[in-house]
Amino acid sequence: MTATEVPVPTSPAGNPIGFGRMLRKEDARFLRGQGHYIDDVQLPGMLHAAILRSSYAHARITGIDTSAAEAHPKVKAVITGATLEGLNLAWMPTLSGDVQSVLATDKVRFQGQEVAFVIAEDEYSARDALELIEVDYEPLPAVVDARKALEPDAPVIRDDLEGRTDNRIYDWEAGDKAACDEVFAGAEVVVAEDMLYPRVHPAPMETCGSVAHMDKVTGKLTVWTTTQAPHAHRTLYAIVAGLPEHKIQIISPDIGGGFGNKVGIYPGYVCAVVGSIVTGAPVKWIEDRSENLMSTSFARDYHMHGEIASTREGKILGLRVDVLADHGAFNGVAQPTKYPAGFFHIFTGSYDYPAAHCHVRAVYTNKAPGGVAYACSFRITEAVYLVERMVNCLADELGMDPAELRMKNLLRPEQFPYTTPTGWEYDSGNYPAALEEAMRIAGYEELRREQAERRADPAGKPLMGIGISFFTEGVGAGPRKHMDILGLGMADGCELRVHPTGKAQLRLSVQTQGQGHETTFAQIVSHELGIPPEDIEVIHGDTDNTPFGLGTYGSRSTPVSGAAAAVAAQRVREKARIIAATALECSPDDLEWELGRWQVKGDPEQGKTIPEIAFASHGNLELPEGVEGHLDASVVYNPPNLTYPFGAYICVVDVDPETGEVKVRRFIAVDDCGPRINPMIVEGQIHGGLADGIGMALMEAIAFDPEGNNLGGSFMDYLLPTSLECPSYELGMTVTPSPHHPIGAKGVGESATVGSPPAVVNAVLDALEIRQADMPFTPAVVWRAMQGRPLRTDLAIE
Amino acid sequence: MQVTITVNGTETRAEVEPRLLLVHYLRNVLGLRGTHWGCDTSNCGACTVWLDGVPVKSCTTLAAQADGHAVRTVEDLDSGGELDPLQQAFMEEHGLQCGFCTPGMLMTLRALLDRDPDPDEATIREAISGNLCRCTGYENIVRAARHAAAHPTTAPEEISA
Ligand code: FES
Ligand code: FES
């Protein structure tokens, strides 16, 4: 479908005035190696830092001797938990109301935990000095298996918390349990299955880091840091360090990928600030890859038990879920306060049935903290995986084609807006059309025929599998009355200034990590004002120069800040109308908008362009009572609801039964994210997410051995998909605008990461003709699944 | 120790620690920060530069090993502001998002295209299999390489931005 391909006028530079394919503004610097990433920040007199990390998963610290490190000629300072205790900074609040150790004082609680911070003249010396620090540990038994965390004899990890006698973090539920149980009791078919969404890591190509500079004279703290949410970080620094917020400037330079990894505040960032205060010099800290994988926000780690009920004909009646969530040593998930399990309770997915209930229990283990990261839309990834796997299990039980079962149960277009059994209001959708489109592109019938032939042939190798998933995403948090992080409502500001010559600057609270905001947001304003996108500069990533807002994650940028930009531009347009009317000596009602120009109805010769109006607004034109000069607007957008993009994905795999190797032959993705502002960028976002899904389904998992050693602590062990594992993707689209978003756009950044893993897993299991095994489907896992001895992929291979 | 390395056609000379990595020589000694660093295990390729015309991972090459040799980095690809056809192709095909892997990808693919001006998709995928990208899913990087093969000289119009 090409519903958004309405031709728009072209600017002098050849760009669309408004929506359409436009090459990216940011590319000019990145292609020349002139991006400015965190490690490119250089300041005069800057010192370099490194962190000593725990080699144990659980141990009491009985002594730290830093004297040899301090004696190193190039070392300027060594900071330990004891130093921080003196400053009341040894612990910091997490994004979910827990506390996290900045540098360990009493115990270490996961392998890779921060123990000491060394500041030296150069990075090599800082790392040399780490070797000179002596830490005495008294090892303690580690809680590695989440399923054993609540056993009565499990060691208590968080004995720092008053009165704590076990490892439980919370119990939380959603849905009507009694009604759901009743539906299950009367159902003709009930299928139950256990499944794991393994611990994975966002692993952006750029690791995390910070450069802190406390100017002793002015009292101003400037922090350049890898953050997707600069304003939220500023407030948090004010809270953590007790510094006055107006004296803190957070600068998020170019970000080399985020995917959720750069939402939170890490101990290294806080240490860099302390280091700058202690030494009086700017301090740079950049983590290495192992530190990134072992200590910063992991994602998933959900052990799920699902049960699905249906009639014999395949009408789904209900879904209930029990989840054990492994949050690691500190509850550091980033998500709206009201929802400790994020948006997991959207798990009813894209189908029409009345009964649903979920119970989520979260536990501490001796693993790195985190839990919401990696493009998951606050746990919708886990929810979609659960329901899409359960629907496949049901299809298997009923002997029904999984596409047919889905078609039978998908929500119908006339049901929107649709309120789900757990209380979400889906804004708009045409689900069957998306699935039909995916099946058409795939040639679904033909694929099934090929598979049947292959299966009928005893020498038929490799094994062929076809997997489907259908997802509904919920993105663009708030509204702020329901959604906040640490009390900060999830709304975002935006400021638009049109300069006297008609060129504009747009200031955003959100921060790009590769999504192309500098281009897309200029296009939104261009669409509303009719000025060329090359005449609109997007400013972001600097708290001194942008309005407050909660930042980029959960695919929020277009749904929230995109709406803010559109509304700001619409306000400017309305103000321009008044100014044009004044200049033309007519009533604003006599004017009509023709892209880029207010003109007199019936006399289009008479009109004023936006640049003309902009100049007049700064000039000596006498404006009507109550109308201020200049042409600008500032908006805080509080979304009325989430937007709900959706899509239908089909994956075709070939599995070599001799080696267990899985090859993704084809991947068909039909996405509906509403109107596409820049289709090229949207497709790029989808490509990246599909690779994420293939990676998680086939390669990525962080497992632990019985001592709590992290087995995924480098790119040799934690495998990312390369160009060889990824197929050439086949994309399609449908367009269903969001009724409540000013331009109908729904957000797409995480859709493919959410939607693709179940398609790949369903395909692999279809090839193997087994109902359930856990990802990632490495050759070893596939091999074991084929033997009927599936592996626990969260623990070391026995 | 002292090293003399020709970088992007200019002879550079510095007193360095023998253990200094080439990536750090380029970034910190010379201030050429287009070459990135992304892992500790020689897996990601963000640091790819040319050593005597051959792509190498500068995180696993000592500055000392480059002593007396010629290094080429991403900063040398465009000429006087005009993009190399491969850079232009990356822009046209949206072969980059965050841009972090891009310098390494460009250096790997420029070497491929110099060797094989018309590589097919499989050859391109093989060539970049040591360069990780977390953003693009590789699709548009492959397309960019094909585009560059089809348009071996930069089109005269510069992209406005
Ligand atoms: S930095 Fe990763 S391969 Fe060189
Ligand atoms: S563009 Fe971000 S890693 Fe490749």
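1. So, the sheet that holds strand β2 (residues 59–65) of chain A
Across a sheet, paired strands are connected by hydrogen bonds in the backbone, their directions being either parallel or antiparallel.
Residues and elements named next belong to chain A.
Then comes step 1: Taken in spatial order, the 3 strands make up an open sheet running β6-β2-β8, and their pairing is antiparallel. The open sheet is flanked by β6 (107–108) and β8 (134–139), the only strands paired with a single partner.
Then comes step 2: Sheet topology note: the β2/β6 ladder contains 2 bridges and is antiparallel. From the neighbouring strand, A59 faces β6, where its bridge partner is V108.

2. A look at the pairing of strand β4 (residues 54–57) of chain B
The side chains of a regular strand alternate, first on one face of the sheet and then on the other.
Residues and elements named next belong to chain B.
Then comes step 1: The sheet contact formed by strand β3 (residues 48–51) and β4 spans 4 bridges and is antiparallel. When the sheet's bridge partners are listed, W50 is paired in β4 with P55.
Then comes step 2: Counting the residues in the hairpin turn of β3 and β4 gives 2 residues, including D52, whose phi is positive at 50°.

3. Focus: the interface of chain B and chain A
Then comes step 1: Between chain B and chain A, the contact holds 53 residues from the first and 58 residues from the second.
Then comes step 2: A combined buried area of about 4700 Å² lies between chain B and chain A, and 55% of that area is made up of carbon and sulfur atoms.
Then comes step 3: Where chain B packs against chain A, one counts 5 salt bridges.
Then comes step 4: Between R27 of chain B and D39 of chain A there is a salt bridge, with the nearest N and O atoms lying 3.4 Å from each other.

4. Description of the packing of helix α16 (residues 679–698) of chain A against helix α17 (residues 751–768) of chain A
All names here are of chain A.
Then comes step 1: At a minimum axis distance of 7 Å, the contact between α16 and α17 shows a crossing angle of 45°. Judged on the interaxial angle alone, α17 and α16 are oblique. In the crossing of α16 with α17, the sense of the turn from one axis to the other is right-handed. Contacts between α16 and α17 involve I686, G689, L690, D692, G693, I694, M696, A697 and L698 on the former and, on the latter, A752, T753, S756, P757, V760, V761 and V764.
Then comes step 2: Considered class by class, the residues forming the contact of α16 with α17 number 11 nonpolar, 4 polar and 1 charged.

5. Here we look at the packing of helix α2 (residues 85–92) of chain B against helix α3 (residues 102–115) of chain B
Residue and element names in this part refer to chain B.
Then comes step 1: At a minimum axis distance of 10 Å, the contact between α2 and α3 shows a crossing angle of 125°. Judged on the interaxial angle alone, α3 and α2 are oblique. Considering only the axes of α2 and α3, their crossing is right-handed. Where α2 abuts α3, its residues P85, L86, Q87 and F90 lie against T102, M105, L106, L109, R110 and L113.

6. Digging into the side chain of Q87 of chain B
Then comes step 1: Among the structural elements, Q87 of chain B can be located in helix α2.
Then comes step 2: Of note is the side chain of Q87 of chain B, whose polar atom sits 2.8 Å from the backbone oxygen of L31 of chain A.
Then comes step 3: Setting aside residues up to four positions removed in sequence, Q87 of chain B forms contacts with L31 and R32 of chain A together with V74, L77, D78 and L106 of chain B.

7. Considering the pattern of salt bridges
Any two side chains of opposite charge can pair if their charged atoms end up close together.
Then comes step 1: Evaluated as defined, the whole model comprises 68 salt bridges over all chains.
Then comes step 2: For the salt bridge of E291 of chain A with R127 of chain A, the shortest nitrogen-to-oxygen distance reads 3.2 Å. Note that E291 of chain A is positioned in helix α8 (residues 289–295) and R127 of chain A in helix α4 (residues 123–130), a separation of 164 residues in sequence.
Then comes step 3: Residue E291 of chain A is classed as buried on the basis of its relative accessible area, which comes to 5%.
Then comes step 4: With a relative accessible area of 26%, R127 of chain A lands in the partly exposed category.
Then comes step 5: E700 of chain A serves as the salt-bridge partner of R134 of chain B, at 2.8 Å between the closest nitrogen and oxygen. Of the two residues, R134 of chain B sits in the loop between α4 (121–127) and α5 (139–150) while E700 of chain A sits in the loop between α16 and β33 (730–733), which places them in two different chains.
Then comes step 6: A relative accessible area of 0% means that E700 of chain A is categorised as buried.
Then comes step 7: One connected set of salt bridges, linked through shared partners, spans R60, D98, D106, K107, R109, R158, D159 and D160 of chain A.

What counts and what doesn't
- Residues numbered from 1 in each chain as written.
- Chains lettered and ligands numbered in written order.
- Predicted model: local features only at pLDDT ≥ 70, side-chain atom pairs only at ≥ 80, totals over all residues.
- Heavy atoms only, no water.
- Pairing = 2+ DSSP bridges.
- Helix = DSSP H or I, 4+ residues; strand = E, 2+ residues; numbered from the N terminus.
- Contact = heavy atoms within 4.5 Å.
- Buried area = accessible area lost by both parts, 1.4 Å probe.
- Salt bridge = Lys/Arg side-chain N within 4 Å of Asp/Glu carboxyl O.
- Axes fitted to C-alpha atoms, helices over the stretch in contact; angles between N-to-C directions.
- Parallel < 35°, antiparallel > 145°, perpendicular 65-115°, else oblique.
- Left-handed = near helix turned anticlockwise from the far one by under 90°.
- Nonpolar A, V, L, I, M, F, W, Y, C, P; charged D, E, K, R; others polar.
- Polar contact = N/O pair within 3.5 Å; in protein donor to acceptor, adjacent residues only side chain to side chain.
- Buried < 20%, exposed > 50% of the residue type's maximum accessible area, 1.4 Å probe, protein only.

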